[in-house]
Structure formats: C-alpha cells, structure tokens
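Observations on chain architecture
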Amino acid sequence: MRILFLGISLWILGTILNYIVQLSNDNLAQSPLLEYLYSSLNIFPYKGALLIMMLFVTLFIPIMEELSYRVWTKGKTWAYILSLFLGTMYVYMVSQKVILSIFTAIILFGCFFLVKNYKLKMWLSIIITSLIFTLLHISGISSGISMISVLITIFGLSLVLCYIGIRYGFVYCILLHCVNNFIGFIPLMPLKQAPDMV
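About the thresholds
- Here the residue index of a chain counts from 1 through its sequence in written order.
- Selection of residues for local features in this predicted model requires a pLDDT of at least 70, selection of side-chain atom pairs for listing and counting requires 80 or more, and totals for whole chains, interfaces and linings are taken over all residues.
- The basis for every side-chain value is the complete set of heavy atoms in the structure, and neither hydrogens nor water enter the calculation.
- Secondary structure follows DSSP: runs of H or I at least 4 residues long count as helices, runs of E at least 2 residues long count as strands, and numbering of each begins at the N terminus.
- Put simply, a salt bridge is a Lys or Arg side-chain nitrogen that is within 4 Å of an Asp or Glu carboxyl oxygen.
- A simple rule labels every residue: compare its accessible area, found with a 1.4 Å probe on the protein chains alone, to the largest value its type can have, and call it buried under 20%, exposed over 50%, or partly exposed in between.
- A helix is expected to span 1.5 Å for every residue after the first.
- Note on aromatic pairs: the rings of Phe, Tyr and Trp (six-membered ring only in Trp) are paired at centre separations within 6.5 Å, and the planes decide the class, stacked below 30 degrees, edge-to-face beyond 60, tilted for the rest.
- Here, residues are in contact when the closest pair of their heavy atoms is within 4.5 Å.
- Nonpolar core, defined: a set of buried Ala, Val, Leu, Ile, Met, Phe, Trp, Tyr and Cys residues in which side-chain atoms within 4.5 Å join the residues together.
- Grouping into patches uses exposed residues only, defined as over 30% relative accessible area, and leaves out salt-bridged ones; the cut-off is 9 Å for like charges and 5 Å for nonpolar side chains (Val, Leu, Ile, Met, Phe, Trp, Tyr).
- Only the protein chains shown count as covering a residue, and every accessible area follows the Shrake-Rupley method with a 1.4 Å probe.

So, about unusual backbone geometry. Positioned with a positive phi, glutamine 96 is a non-glycine residue whose angle comes to about 60 degrees. Assignment of secondary structure puts glutamine 96 in the loop between α4 (77-95) and α5 (98-114).

Another point: the pattern of salt bridges. Taken as a whole, this structure holds one salt bridge when the rule is applied. In this structure, glutamate 66 and arginine 70 form a salt bridge, with 2.8 Å as the shortest nitrogen-oxygen distance. Residue classification places arginine 70 among the buried positions, given a relative accessible area of 0%.

The end-to-end C-alpha distance of α4 is 27 Å, a good match for the 27 Å that 19 residues give at a rise of 1.5 Å each. Where α4 is concerned, the buried positions are Ala79, Tyr80, Ser83, Leu84, Leu86, Gly87, Thr88, Tyr90, Val91 and Ser95. Positioned one or two residues after α4, glutamine 96 has a phi angle of 60 degrees, which is positive.

Further remarks concern the packing of aromatic side chains. For the structure shown, the criterion picks out nine aromatic pairs. Ring geometry for phenylalanine 56 versus phenylalanine 60: centroids 5.1 Å apart, planes at 25 degrees, classification stacked. A residue pair is termed a helical-turn pair when its members lie 3 or 4 positions apart in one helix, as phenylalanine 56 and phenylalanine 60 do in helix α3 (residues 49-69) at four residues. Relative accessible area serves as the criterion here: at 36%, phenylalanine 56 is assigned to the partly exposed category. Phenylalanine 60 gets classed as partly exposed once you look at its relative accessible area, which sits at 45%.

With that settled, consider the side chain of serine 125. By the secondary structure assignment, serine 125 is in helix α6 (residues 118-136). Judged by relative accessible area, serine 125 falls into the buried class, the value being 0%. Look past the residues within four positions of serine 125 in its chain and what remains in contact with it is Trp72, Cys111, Phe112 and Ser130.

The next point concerns the nonpolar core. Most often, soluble globular proteins have nonpolar side chains that are buried together. Core analysis: the biggest nonpolar cluster contains 37 residues, and Tyr69, Trp72, Phe112 and Ile132 have the highest contact counts within it. For this core, the elements supplying multiple residues, two or more each, are α1 (2-25), α4, α5, α6, α7 (145-167) and α8 (170-185). Apart from the residues within four sequence positions on either side, phenylalanine 112 is in contact with Trp72, Tyr80, Ser83, Leu84, Lys121, Ser125 and Thr129.

On the surface, a nonpolar cluster with roughly 560 Å² of combined accessible area is contributed by Phe85, Met89, Tyr92, Val98, Ile102 and Ile106. Those elements that provide at least two residues to the nonpolar patch are α4 and α5. Note that isoleucine 106 resides in helix α5. Overall, the relative accessible area of 56% leaves isoleucine 106 in the exposed class.

Right, here's the structure in full:
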C-alpha cells in the first residue's frame, strides 16, 4: 500500500510540475513528446496519420512497455524471463547502446533470479524496473525542471503500475497504461495540425 500511495503522490506531483513548466514556457508545443509525435507524423503522408499515431501511443507502446517492465508481476518464471529479455531489448531499441543493454540484463537477472527472499525480490523488482522505465522516457528532454517533472511523473506511474500488477493482475497494468497515454494524448491533438491533415 505504501508503494501505491508513493506512486500516486509522485504521479500527481509530477503532472502538476509538468503543467507549471509548460505554462511557464507559454507554449505547450515545446513539449519534447509533442515535437517527437508531430515530427513522426511526417512519416505518414495521409489524413489518418494522427489516428495511427494515437493508436501507436495509446495501444502498441503501452503493451510493449508493460510486457517489458511489468509482466514479471505475474510471479512466474516465464514472466521473469520475458521481462528480462524484452526489457533488455527495449533498452537497446531506445538507447542503441550495447553496453547499457548488457548492464540492464545483468541487473534484471540478478533481481529476478538471484534474490531469494520474496519480499526483497518484489521491492527490488519494483524499484529497478521503475527506474529503467523512467530513464527510458527522458531521452531528448533538456535538463532542469522539465526533466525532473518527467522523472517524477513517470516513476510515480511505474510504481502504481507495479502495485496494480502485483495486487490485481498484469492485464490491469496494460489497461491503466493505455488509459494514461490516451489521456495524455488528447490535449496534444488540437495544438498543431500535421502538414497533410488540414
């Protein structure tokens, strides 16, 4: 229950900080996520590009991230192996750094398979997978208050997702992550039109 309270508190605090940062910039379009999404829309030269991007952000990415960083909450050997493999591959896809991927694999292996105390394994798994998940979301964000607010928000979300996976089941992690991304995507849609969407 402490993890849930801490996660929700950080998630809310980070979200508030994100809005303050965006308002102080007086331009929501300066969001690194928004700029990435709209630059990605240029890949799709037709009017359905925003819909495809929304489906990607609200379905595909949450499912992949949950399989990578929260499937271990099922507590089964196959789930630990899948999380180890996909988590490591996801780190490589985002960072393109082999040494970082190997380091991730070693840390996750130790956490999932070498720690024998169940309670310690759960706590370490929650903290380590949440840290990895969080750090993967800050690439491209300039340092300062923007990075801190994103770190707090994503780490809090990850703690909540881990708690939900352990307490209620892995499927609910996916559902909450999809809903979170959908809610986060809605305000981005009217801010700027992709070139071929007018």
